[in-house]
Amino acid sequence: DELATAFREVACPDVVAGDINARVDSGVYGAMVQRGYHDPHHDDPRQLVDYVWVYAGSGNQVTALTAPVRFEVPGHTGTALSDHTPVGVAIASAA
């Protein structure tokens, strides 16, 4: 499990982000919540598989950003840059 390996390398990073390929009802998502991480997009009705999790104890202020449903390649109508729904957050450091 790549997340378990990452947590062995860095015990408690403030931010974990990436192409996780897991839905909100998955064991991976549940494990992140159990570790104390917050998904700023948890109320998003879209089926997300990419995440930006922020550790609740970090003190950072996090705001979910609204992103378009898909990004298209300019000049190539119908050609998406990704098959994933984009996610974004604004993070204001507590430090």
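Scroll up to find the structure this text is about.
Residues numbered from 1 in each chain as written. Predicted model: local features only at pLDDT ≥ 70, side-chain atom pairs only at ≥ 80, totals over all residues. Heavy atoms only, no water.

> What should I look at first to understand the overall build of the protein in this one?
Assigned secondary structure in the protein consists of two helices and five strands. Counting helices and strands in the order they occur from the N terminus, the protein gives α-β-α-β-β-β-β. Counting across all 95 residues of the protein, residues that qualify as buried make up 28%. Contacts in the protein between residues at least 24 apart in sequence constitute 60% of all its contacts with a sequence separation of at least 6. In the structure as shown, the protein presents an accessible area of about 6200 Å², 53% of it carried by carbon and sulfur atoms. (Helix = DSSP H or I, 4+ residues; strand = E, 2+ residues; numbered from the N terminus. Buried < 20%, exposed > 50% of the residue type's maximum accessible area, 1.4 Å probe, protein only. Contact = heavy atoms within 4.5 Å. Areas by Shrake-Rupley, 256 points an atom, 1.4 Å probe, with all protein chains shown as cover.)

> Can you help me understand the side chain of Ser58 in this one?
Mapped onto the fold, Ser58 is located in the loop between strand S3 (50–55) and strand S4 (61–65). Within polar-contact distance, the side chain of Ser58 engages the side chain of Asn60 at 3.2 Å. When near neighbours in sequence (up to four residues on either side) are disregarded, Ser58 contacts Asp14 and Ala94. (Polar contact = N/O pair within 3.5 Å; in protein donor to acceptor, adjacent residues only side chain to side chain.)

> Sorry, what's going on with the pairing of S3 here?
On a regular strand, each side chain points to the face opposite its neighbour's, so the side chains alternate between the two faces of the sheet. The element S3 is largely enclosed, with a buried count of five among its six residues. Alignment of strand S1 (residues 15–19) against S3, held across five bridges, turns out to be antiparallel. Note on S3: the bridge partner recorded for Val15 is Val54. Across two bridges, the pairing between strand S2 (residues 37–38) and S3 is antiparallel. Paired with His38 across the bridge in S3 is Val54. (Pairing = 2+ DSSP bridges.)

> Mind showing me how you'd approach the environment of Ala4 here?
Along the polypeptide, Ala4 turns up in helix H1 (residues 2–9). The class for Ala4 is partly exposed, based on a relative accessible area of 23%. Considered as a pair, Ala4 and Val28 are 24 residues apart in the sequence and their alpha carbons are 9.8 Å apart.

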